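Structural description and commentary
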Amino acid sequence: MADAFSVIPASVLRNLSDKLYEKRKNAALEIEGIVKQLASSGDHEKISAVIKLLATEFTGSPQANHRKGGLIGLAAATVGLSSEAAQHLEQIVPPVLSSFSDQDSRVRYYACEALYNIAKVVRGDFIIFFNKIFDALCKLSADSDANVQSAAHLLDRLVKDIVTESDQFSIEEFIPLLRERMNVLNPYVRQFLVGWITVLDSVPDIDMLGFLPDFLDGLFNMLSDSSREIRQQADSALSEFLLEIKNSPSVDYGRMAEILVQRAAALDEFTRLTAITWINEFVKLGGDQLFPYYADILGAILPCISDKEEKIRVVARETNEALRSIEANPTENFDVGGILSIARRQLDSEWEATRIEALHWISTLLNRHRAEVLCFLNDIFDTLLKALSDSSDEVVLLVLDIHACIAQDPPHFRQLVVFLVHNFRIDHSLLERRGALIIRRLCVLLDAERVYRELSTILEGEADLDFACVMVQALNLILLTSSELSELRELLKQSLVNAAGKDLFVSLYASWCHSPMAIISLCLLAQTYQHACAVIQSLVEEDINAKFLVQLDKLIRLLETPVFAYLRLQLLEPRQYIWLLKALYGLLMLLPQQSSAFKVLRRRLKTVPSYSFDGGNLKRAASGNPYSQILHHSGSQITEDGDIDQDNGNLQNGINFASLQQFKQMQQQHHMLAKSRAQSRNSSTSFLKESPK
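Residues numbered from 1 in each chain as written. Predicted model: local features only at pLDDT ≥ 70, side-chain atom pairs only at ≥ 80, totals over all residues. Heavy atoms only, no water.

As named in an unreviewed UniProt entry, the protein chain is Vacuolar protein 14 C-terminal Fig4-binding domain-containing protein, taken from Gossypium darwinii. Under the UniProt heading Sequence similarities (unreviewed entry), the note attached to the protein chain is "Belongs to the VAC14 family." The protein chain has a UniProt comment under Subcellular location (unreviewed entry) that states "Endomembrane system". (UniProt positions renumbered as here; feature names shortened; annotations may be inferred.)

Put into structure tokens, the structure is as follows:
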């Protein structure tokens, strides 16, 4: 220290700490000259002493003017050293960097100015301090003093120039520093960081793309900044990186995909659009690198398909189609279970478009990787069944397509129908709202006869008799009205002459017994008119209730539709179809005379030709028909209309009706249940009356 005082006059040291800038500046110029002389003589020991004096006595002083003088003195010493300054940087730079955090804004300003002058002299030699300088500049970019900010910006531009021309800069050491600061919210710091990313990316020898995953999330975070300028800068940087990715043969898609998936769910629309755009490009470029991430990517795409922003919806749909068009093998890290799990979760989405695309994915996986999907069937089956209650018809139809694809295997077919009946049982509204749609679609996809046979088998043993009755009535109405079941109806019409038709009739009969009106309808369809008469005549008081009359009203109206055109034409031959006439008159007698159904059926029967039994000649009656003759005709030789048989037992054209025992037994169960409920209601009413008031 004594060497320094002997080298630098006391007056110079005094002026270096003066409050006037001009005196400090002149003192600094004298120090520059002194150091230059020492450098020319090679006396670096005294130079070190001078630098130490400036650092300890001045930059470390509690007096602000001393600190200012010390900073300007260090810069002057560096200028004096010129090309030999590099060997003294370890002494010169640290005191300046410490001054960046000085509480006095003017000191911070002079620190910027000093380091600027030092950097101009040493250029690339001070790269060894880059991380510390960068850290200091990062803080100063958000300084509360505008002058300090301005000085820091000038220094920052110089440092960038030096770094871009230096071959000593280490990107590997810099990236951790950058990553730590990428989520800072201060707008000035954000501008500072984006500026550095852009500059470093422009340097051919620096591979910023290889480190993109380290700061990509931070750039996306800036897309939602309140400052338009920052948003534009971040978007510009991202666009440049995306262009580089397209042109690069080697990119780490996996790490970045994880970031993009998170950002695709951002609240900010611009962030979501940018993220989904990147994902779109990744799907096109990533190839097998992305196989392990397909489930996560799909989880990001499906919600965006229903985004409120049209641009996002368009890109999301395009990405979804591109992703689905790629045929991957499960042995190639293609996670079928993961994708199914994502699709299953999205079936609970509030948006119809998302639910539809989730179902398309399940369908696609079923077609391509059936064995793998069936392994996860238990994980998705309940959700698929729940989706049958969806408010969207399109969703329900797609779910049915998937169920039908699964049900190609007999065990799964049985499971599907059992679960379907179970759902109808616990949710009657589903049967009312979606029953016809579901049954009709399954009949198209899985063969109507197969579906109806299975449903009949299940309902035959149904413990909930009320539900069984309602379900059978629904199935019967679908059978009689749906165009999809026309072939099934034609087969049933041949029940008396065709073995397959007879077998189907017998199969349905067992469960149709739950509903008298369903049995009557089935018999009319199958042309087993004699049995229809027997069923009608077996009805008792409990059967003729409001529900029965509503069902009867529907049947009478159905008799006027094209489905029963054959039946109406058979009325032209009353002698041959005596049991048909008796059945229709039986129904007429059950209807209230003031009902519209009674009037419809009566008008129809009035058009039937009359006939007499004196030779069987048909004749048209001018008014009325001898219906009493028809209804009291013995018919001992007629087992079914249109067929004469000597044996009038229970075996009718191969169909054994067992003297109505099956129907009567089933109806007896329903009657007992009704009586039990009535008794229970009466008991409850009596209890309430007898309770003390």
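From N to C terminus, the protein chain includes 36 helices and six strands. The C-alpha radius of gyration computed for the protein chain amounts to 46 Å, which surpasses the reference 26 Å derived for 693 residues by more than 25%, pointing to a less compact arrangement than a globule. Projected onto its principal axes, the C-alpha positions of the protein chain cover 155 × 70 × 45 Å. Relative to its full complement of 693 residues, the protein chain shows a buried share of 52%. Restricting the contact set of the protein chain to residue pairs at least 6 apart, pairs at least 24 apart contribute 69%. In the form shown here, the protein chain has an accessible surface area of approximately 31900 Å², with 49% of it arising from carbon and sulfur atoms. (Helix = DSSP H or I, 4+ residues; strand = E, 2+ residues; numbered from the N terminus. Rg over C-alpha atoms; globule rule 2.2 N^0.38 Å. Buried < 20%, exposed > 50% of the residue type's maximum accessible area, 1.4 Å probe, protein only. Contact = heavy atoms within 4.5 Å. Areas by Shrake-Rupley, 256 points an atom, 1.4 Å probe, with all protein chains shown as cover.)

The subject of this paragraph is the pattern of salt bridges. A complete count under the given rule lists 33 salt bridges for this structure. Across the pair Asp217 and Arg263 runs a salt bridge, and its minimum N-O distance is 2.9 Å. Here the residue Asp217 occupies a position in helix α12 (residues 212-222), and Arg263 occupies one in helix α14 (residues 253-263), the gap between them amounting to 46 residues. Owing to a relative accessible area of 17%, Arg263 belongs among the buried residues under this scheme. What emerges from the salt-bridge pattern is a single network uniting Asp135, Lys139, Glu180 and Arg181. (Salt bridge = Lys/Arg side-chain N within 4 Å of Asp/Glu carboxyl O.)

Feature annotation in UniProt assigns "repeat: HEAT" (unreviewed entry) to the following positions: residues 92-127. Between the end C-alpha atoms of residues 92-127 the distance is 14 Å, and the span holds 72% helix and 0% strand.

Note that Ser392 resides in the loop between α21 (377-386) and α22 (393-406). Setting aside chain neighbours within four positions, we find Ser392 in contact with Glu352, Arg355 and Arg434.

The next point concerns the packing of helix α13 (residues 228-247) against helix α15 (residues 269-286). Taken N-terminus to C-terminus, the directions of α13 and α15 make an angle of 5°; their axes are 11 Å apart at the nearest point. Here α15 runs roughly parallel to α13, going by the angle between their axes. Contacts from Asp235, Leu238, Phe241, Leu242, Ile245 and Lys246 of α13 reach α15 at Phe270, Thr274, Trp278, Glu281, Phe282 and Leu285. Class assignment for the residues of the contact of α13 with α15 results in eight nonpolar, one polar and three charged. (Axes fitted to C-alpha atoms, helices over the stretch in contact; angles between N-to-C directions. Parallel < 35°, antiparallel > 145°, perpendicular 65-115°, else oblique. Nonpolar A, V, L, I, M, F, W, Y, C, P; charged D, E, K, R; others polar.)

Among the nonpolar cores identified, the biggest contains 237 residues, and Trp278, Tyr452 and Leu524 are the most heavily contacted of them. Those residues in contact with Tyr452, other than ones at most four positions away along the chain, are Ile439, Cys443, Leu475, Ile478, Leu479, Leu485, Leu488, Leu508 and Trp512. (Core = buried A, V, L, I, M, F, W, Y, C linked by side-chain atoms within 4.5 Å.)

For helix α9 (residues 146-165), built from 20 residues, the straight-helix expectation of 28 Å at 1.5 Å per residue is met to within 8% by its first-to-last C-alpha distance of 29 Å. Along α9, the residues that are buried comprise Val148, Gln149, Ala151, Ala152, Leu155, Asp156, Leu158, Val159, Lys160, Ile162 and Val163. Of the surrounding elements, those touching the buried residues of α9 are α7 (105-122), α8 (130-140) and α11 (187-201). At the N-terminal boundary of α9, the capping side chain belongs to Asp145, with an oxygen 2.8 Å from the backbone nitrogen of Asn147. (Expected span 1.5 Å × (residues − 1). Polar contact = N/O pair within 3.5 Å; in protein donor to acceptor, adjacent residues only side chain to side chain.)

Let's shift gears to the UniProt feature "domain: Vacuolar protein 14 C-terminal Fig4-binding" (unreviewed entry) in the protein chain. The residues that UniProt annotates with the feature "domain: Vacuolar protein 14 C-terminal Fig4-binding" (unreviewed entry) are residues 429-608. Secondary structure across residues 429-608 divides into 74% helix and 0% strand, with the first and last C-alpha atoms of the span separated by 42 Å.

This next bit is on the packing of aromatic side chains. Each aromatic ring pair is described using two quantities: the centre-to-centre distance and the angle formed by the ring planes. Tallying each qualifying case throughout the model produces 23 aromatic pairs. Counting every residue linked through ring pairs, the aromatic cluster contains Phe130, Phe134, Phe169, Phe174, Phe192 and Trp196. Directly above the ring of Tyr109 sits Arg106, whose terminal nitrogen or CZ lies 4.8 Å from the centroid. Across the ring face of Phe413, the terminal group of Arg450 is positioned such that the distance to the ring centre comes to 3.8 Å. (Phe/Tyr/Trp six-rings, centres within 6.5 Å; stacked < 30°, edge-to-face > 60°. Lys NZ or Arg CZ within 6 Å of the ring centre and 35° of its normal.)

Here the focus is the packing of helix α27 (residues 486-493) against helix α28 (residues 499-512). Here α27 crosses α28 at 100°, and the two axes come no closer than 7 Å. Between α27 and α28, the angle falls in the class roughly perpendicular. Along its contact with α27, which presents Leu488, Leu491 and Leu492, the element α28 presents Ala500, Gly501, Leu504, Phe505 and Leu508. Broken down by class, the residue content of the contact of α27 with α28 amounts to seven nonpolar, one polar and no charged.

One non-glycine residue, Arg123, adopts positive backbone phi at about 50°. The residue Arg123 is located in the loop between α7 and α8 in this model. Look at Arg123 and you get partly exposed, because its relative accessible area is 27%.

Taken together, the side chains of Lys599, Arg602, Arg603 and Lys606 make up a positively charged region of the molecular surface. Under the relative-accessibility criterion, Lys606 is labelled exposed at 57%. (Patch = residues over 30% accessible without salt bridge, like charges linked within 9 Å, V, L, I, M, F, W, Y side chains within 5 Å. Lys, Arg positive; Asp, Glu negative; His and termini not counted. Charge placed at Lys NZ, Arg CZ, Asp CG, Glu CD.)

Turning our attention to the state of the cysteines. One covalent bond between the sulfur atoms of two cysteine residues makes up a disulfide. With the rule as written, the count across this model stands at zero disulfides. The closest cysteine sulfur to the non-disulfide-bonded Cys375 is located on Cys405, 15 Å from its own sulfur. Under the relative-accessibility criterion, Cys375 is labelled exposed at 66%. For Cys469, which is in no disulfide, the shortest distance to another cysteine sulfur is to Cys513 and amounts to 12 Å. (Disulfide = S-S within 2.5 Å.)

Another point: a negative patch on the surface. On the surface, Asp252, Glu258, Asp296 and Asp335 cluster together into a patch of negative charge. Relative to the helices and strands, Asp335 resides in the loop between α17 (310-325) and α18 (336-346).

This part is about the environment of Tyr188. Within the element layout of this structure, Tyr188 appears in helix α11. Looking at Tyr188, the relative accessible area reads 40%, which means it is partly exposed. Along the backbone, Tyr188 and Asp143 are 45 residues apart, and their C-alpha atoms lie at a distance of 8.8 Å. The contacts of Tyr188, once residues within four sequence positions are left out, are Ser141, Ala142 and Gln149.

What follows covers α14. With eight of its eleven residues buried, α14 lies for the most part within the structure. Those residues of α14 that fall on the buried side of the exposure criterion are Tyr253, Gly254, Met256, Ala257, Ile259, Leu260, Val261 and Arg263. Contact partners of the buried residues in α14: α12, α13, α15 and α16 (294-304).

Turning to the side chain of Ser511, a few remarks are in order. Residue position: Ser511 is located in helix α28. Apart from the residues within four sequence positions on either side, Ser511 is in contact with Ser456, Leu459, Glu460 and Val472.

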